[in-house]
Amino acid sequence: MSCRPLTPSKGHVRPLCAFIARVVQLQPAWVTFLIAGDNICRVKAEFAQYFRAPHVKGLMRYIRYVWGHLSPSLENNIYSRWKVYKRHESMYQDMLRIRPVTCAWTGDLHLLWIRPTLVIADICSHFAISSIRKISGQSVPVLAWVATPASSLLCLFGEEMRGGIGDLEGMIEEKIYLHGDRKREDVAAEIYRSCRGSIIKVPGLPDHYDYEWHPQEPRSPSRIPWVIHKGALSLSCEAYEPISARAVHEWFAEDGRDFFCVGVGTVNIELGDSADASRHSGSGHLKGTGSVSGAGNEMLKTAPVLALGVTAELGTTPTPRSTTRPPTSSSDAKVYAHLEMAFEKYGKHSLVYIAFGSVFWPKESEHVWEMISTLLDLEIPFIFSHASLDTAVPQCITERVRESGVGLMLEWTPQGDILEHQATGWFVSHCGANSVLESLYHGVPLLRRSLSSSFSEGDQPANAAYLTTSLNVSYELIQVRTGVGRRRMYRHGSPNSTPAPGCSSFNSEIPLSSVRAEFRDILGRARGPDGENKRENAMRMGEKLAKAWGEGGVSKETIKRFVQKFILNE
């Protein structure tokens, strides 16, 4: 197995852990995580919740965790991270030769290794996948782990006829050849962010202009060089985006690659024959029925053994253990108490949950503080999770929230528990794929706020368009957009040369009062008939996502198909 690190995004790690847990419980197989630093603690905590039931608890021994030492001086540029991958190449070679490997973080010595027969690598780990290919060639298949919906695969990797950017790597090489010595990342950024106002048509997505993929000025200089080899595993669900998923299946089938939409795995679901979707008694939120089942103890003796390589993401350097910890019991207690307070005092669906992922932070922080101030002014209860290390909350905001009695701010929060609670009414999100699917599974509609990074361009603009237009389960903040993102969107039916509503020009700075006024207006609509309509739509989608794990459901059948092909080799 081989795991190559990239970012500490829980949005990638959590659904990957959930997928592997469900695979192991259906058919025990050796799994090895090659991951960085105290991300091991996070991964172990994620796995623990899936192996609490007595009949599956013993299966955790099939999962092992290894960390290779990283240099504190590692550069932040993604194109320089080959330094990280070089350190892991020797570990992967040792595993192929069935040699002992020591975890640099825990000190654990793993003596008995099974030669890897499959590698699952994060799609962002371009150099990791390349090094695996260099070492083991075609003898060990490599599947890309894709923490995006199927529609984003079409946009980011598909041919132009499928609405994609085309052969990005080929275009980069050609431009470097024609224009001399230029940095690869600069050329990639120039090509990827070239906006001509063209109308893009992607199966399953509403039509849009090319610049709609760039809602804000980026922080990072270029797009990551993503690579897909044998096939891909997406955390999306065919019940969520049937047209896009079918289009990717057809595309991959043309050159013999596999595609699996594994579904919403980070929720409490049974995989056994008794699996069924049920609701909270008296709640409008969906809930699974318990732990994963379907793997009896007798399978421990007869199951084939397999080493799965998974690329969980990690930071460019191992951060101090105190900065990347999972939620503590004390913080969880604060969350639960705040949820209960909101439900008792303000009622069902009264609370607004705010989270922008665990890595990136909005470039225009003042926009976030305007949103927080608006919630405080309107006395709307909220929970604000700010896990990014880039977050710097002003002291005045901290004090005002603490004194308000309606707000709670924490670095880490139990997102699933918050979304499942009856008090939670809306999720203000960057609209990463995992957050979107978890929110809809629990019947919680969304409010999308753009982030400024090349990573956020990967799937979030497409998610927002699909949620707002196709599913009608979300609002979208327009006044926070910057740069070319401030042009009018295609779905608004205006010329692409016209600034977005509230913008006098593309270059003029939008006043904070406009951000506040828009957010206040959306909150008003969210608490009226229009918001209730979106909530009903979100609940209907949640029912579909839950049924996907029932007997014969698309997610359950996808897991079985994966096990049959790559573990049982049928």
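Residues numbered from 1 in each chain as written. Predicted model: local features only at pLDDT ≥ 70, side-chain atom pairs only at ≥ 80, totals over all residues. Heavy atoms only, no water.

Let us look at the overall build of the chain. A count of helices and strands for the chain gives 19 helices and 19 strands. Counting all 570 residues of the chain, 61% fall into the buried class. For the chain, the exposed area adds up to about 21400 Å²; of that, 52% sits on carbon and sulfur atoms. (Helix = DSSP H or I, 4+ residues; strand = E, 2+ residues; numbered from the N terminus. Buried < 20%, exposed > 50% of the residue type's maximum accessible area, 1.4 Å probe, protein only. Areas by Shrake-Rupley, 256 points an atom, 1.4 Å probe, with all protein chains shown as cover.)

A few words on empty space enclosed by the protein. The final tally for this structure, using the stated rule, is six cavities of 30 Å³ or more. In this structure, the largest cavity encloses a volume near 80 Å³. Forming the walls of the largest cavity are Leu 205, Pro 206, His 208, Glu 212, Trp 213, Pro 461, Ala 462, Ala 465, Glu 476, Arg 481, Met 489 and Arg 491. Of the residues forming the lining of the largest cavity, the biggest block, three residues, is contributed by helix α16 (residues 460–470). Within the lining of the largest cavity, the residues separate by chemical class into seven nonpolar, one polar and four charged. (1 Å grid on protein atoms, 1.4 Å probe; cavity = no way out; pocket = protein on both sides within 12 Å on 5 of 7 lines; lining within 4 Å. Points joined across faces, edges and corners; volume = space filled by probe spheres on them. Nonpolar A, V, L, I, M, F, W, Y, C, P; charged D, E, K, R; others polar.)

Here we take up the pattern of salt bridges. A full pass over the atoms with the stated rule returns 17 salt bridges. Between Glu 438 and Arg 14 there is a salt bridge, and its shortest N-O distance comes to 2.8 Å. Of this pair, Glu 438 sits in helix α15 (residues 433–441) while Arg 14 sits in helix α1 (residues 10–26), and the two are 424 residues apart along the sequence. Arg 14 gets classed as buried once you look at its relative accessible area, which sits at 12%. (Salt bridge = Lys/Arg side-chain N within 4 Å of Asp/Glu carboxyl O.)

Moving on, we come to the packing of aromatic side chains. The way to describe two aromatic rings as a pair is by their centre distance and the angle between their planes. Going through the model one piece at a time under the given rule, you end up with 18 aromatic pairs. Look at Phe 562 and Phe 566: their rings are 5.5 Å apart centre to centre, the planes differ by 40 degrees, and that puts the pair in the tilted class. With Phe 562 and Phe 566 both in helix α19 (residues 554–566) and four residues apart, the pair spans about one turn of that helix. Judged on exposure class, the residue Phe 562 and its partner Phe 566 are both buried. Taken together, Phe 19, Trp 145, Phe 260, Phe 562 and Phe 566 form an aromatic cluster joined through their ring pairs. Above the plane of the ring of Tyr 475 lies Lys 534, whose end atom (NZ or CZ) is 4.6 Å from the centre. (Phe/Tyr/Trp six-rings, centres within 6.5 Å; stacked < 30°, edge-to-face > 60°. Lys NZ or Arg CZ within 6 Å of the ring centre and 35° of its normal.)

The subject of this paragraph is the packing of helix α12 (residues 365–377) against helix α13 (residues 395–404). Here α12 crosses α13 at 25 degrees, and the two axes come no closer than 11 Å. Judged on the interaxial angle alone, α13 and α12 are roughly parallel. Every pair of crossing elements has a handedness; the one defined by α12 and α13 is left-handed. Where α12 abuts α13, its residues Trp 369, Ile 372, Ser 373, Leu 376 and Asp 377 lie against Ile 397, Arg 400, Val 401 and Ser 404. Broken down by class, the residue content of the contact of α12 with α13 amounts to five nonpolar, two polar and two charged. (Axes fitted to C-alpha atoms, helices over the stretch in contact; angles between N-to-C directions. Parallel < 35°, antiparallel > 145°, perpendicular 65-115°, else oblique. Left-handed = near helix turned anticlockwise from the far one by under 90°. Contact = heavy atoms within 4.5 Å.)

For an α-helix, the turn length of 3.6 residues means that residues three or four places apart are oriented alike. For helix α9 (residues 242–254), with 13 residues, the first-to-last C-alpha span of 19 Å sits near the 18 Å given by 1.5 Å per residue. Those residues of α9 that fall on the buried side of the exposure criterion are Ser 244, Ala 245, Ala 247, Val 248, Trp 251 and Phe 252. Considered in projection along α9, the buried side chains sweep an arc of 160 degrees and stay on one side of the axis. Exposed side chains of α9 directed beyond 90 degrees from the buried face belong to Ala 253 and Glu 254. Structurally, α9 contributes buried residues whose contacts are with α6 (150–157), β9 (231–234) and β10 (258–261). After α9 finishes, the residue Gly 256 shows a positive phi value of roughly 75 degrees. (Expected span 1.5 Å × (residues − 1). Arc of directions from axis to C-beta.)

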